[in-house]
Amino acid sequence: MESLADLQTPIFWAEGHPGKLDRNSWELQIIGACLEPQTFTWAQLMLLHSTTVDGRLTSVTRWSVRGLWEGVSLKTLLEKVKAKPSVKYVRFWSHGLVYDTSIPLAIALKEKSLVAWKFNGHFLSEDYGGPMRAFIPYLWGYKSAKSIVKIELLEHYIPGFWEKRGYTDSAEIEPGFCRDMNEGGAIKQIPGGEVLKFKDED
Ligand SMILES: Nc1nc2c(c(=O)[nH]1)N[C@H]1C(S)=C(S)[C@@H](COP(=O)(O)O)O[C@H]1N2
Ligand SMILES: [Mo]
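Small disclaimer: the values here were computed from a predicted structure and weren't measured. (Residues numbered from 1 in each chain as written. Chains lettered and ligands numbered in written order. Predicted model: local features only at pLDDT ≥ 70, side-chain atom pairs only at ≥ 80, totals over all residues. Heavy atoms only, no water.)

Focus on the nonpolar core
Threshold: For the purposes of this section, nonpolar cores are sets of buried Ala, Val, Leu, Ile, Met, Phe, Trp, Tyr and Cys residues that join through side-chain atoms within 4.5 Å. Accessibility here uses a 1.4 Å probe with only protein chains present; expressed as a share of the type maximum, an area under 20% marks a residue as buried, one over 50% as exposed, and anything in between as partly exposed. For helices the rule is a DSSP run of H or I covering at least 4 residues; for strands it is a run of E covering at least 2, with both sets numbered from the N terminus onward. Any two residues whose heavy atoms approach within 4.5 Å at even a single point are treated as in contact.
Ranked by internal contacts, the top residues of the largest apolar core, which has 40 residues, are Leu 74, Leu 77, Phe 92, Ile 103, Val 115, Ile 151 and Leu 153. Looking at this core, the elements that each hand over two or more residues are β1 (27-32), α1 (42-47), α2 (74-80), β5 (89-94), α3 (105-108), β7 (114-119) and β10 (148-154). If we ignore the near neighbours within four places in the chain, the residues touching Ile 103 are Leu 74, Lys 88, Tyr 89, Val 90, Phe 92, Ala 108, Ile 136, Leu 139 and Lys 143. Leu 4, Leu 7, Val 65 and Phe 119 belong to the second largest nonpolar core, which has 14 residues in total.

Next up, the structure:
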């Protein structure tokens, strides 16, 4: 099955490309409003119950790519660290701690919200946020932070990299036209994140 590169998915790095990243020594720290903050090594993450979801990454710049995303659900990770009942938002931090973004807890707990490491069976490359990235298909792509090293559990909202620069805090996907990368960039309509065919054409 096709990789993100095969589908010519655009590569976004507002903070600059991170260069080569090492999967085996990667660590993901979870801190903030929880009883048992923890740093997960790559090996520890691989032992967790993984899940594969069919979902779309849809950018506010109007392209969308669908595939099978594999990783661990945020719900599982939040249970592991014993998130406090006071948690309201989940904040992702990318490698280098320049790019961050936060999502409401209710979205983080949905079944397709992941820390993902594979797309269509291929490990994510550095271009696409490897070794691991947030995958939040319910919201615009800027919430799906790439190459994450830290997750912070917040009691109050903090605007992230793009939110401070004018993108909405809610990142609710608005209906409209966008390019479907699974179909060579053909223009389609997207109500609520799922790209549907425009009109009745095939
Ligand atoms: N660290 C980091 N994560 C990021 C971004 C970024 O610039 N830096 N761009 C976001 C945006 S706007 C989108 S649409 C998706 C794009 O993912 P891709 O570059 O893997 O296609 O990543 C999101 N995550
Ligand atoms: Mo985006």
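Thoughts on the pairing of β5
Put simply, the test is: Whether two strands pair depends on DSSP finding at least two bridges between them.
Summarising burial for β5: five of the six residues are buried, a large majority. Pairing of β5 with strand β6 (residues 100-104) involves five bridges; the strand directions are antiparallel. Its bridge partner lying in β6, Arg 91 is registered against Ser 102. The pairing of β5 with β10 spans six bridges and is classified as antiparallel. Pairing of Ser 94 across the sheet is with Ile 148, part of β10.

With respect to the sheet that holds strand β2 (residues 38-41)
Rules: A fitted line through C-alpha atoms serves as each axis, taken over the contacting stretch for helices, and the angle formed by two N-to-C directions is quoted from 0 to 180°.
Strand order in the open sheet formed by five strands is β2-β1-β10-β5-β6, with mixed pairing between adjacent strands. Two strands bound the open sheet, and with one partner strand each, they are β2 and β6. On average, each strand axis in the sheet is tilted by 20 degrees relative to the strand beside it, whichever way the strands run. Sheet topology places β1 next to β2; four bridges connect them, and they run antiparallel.

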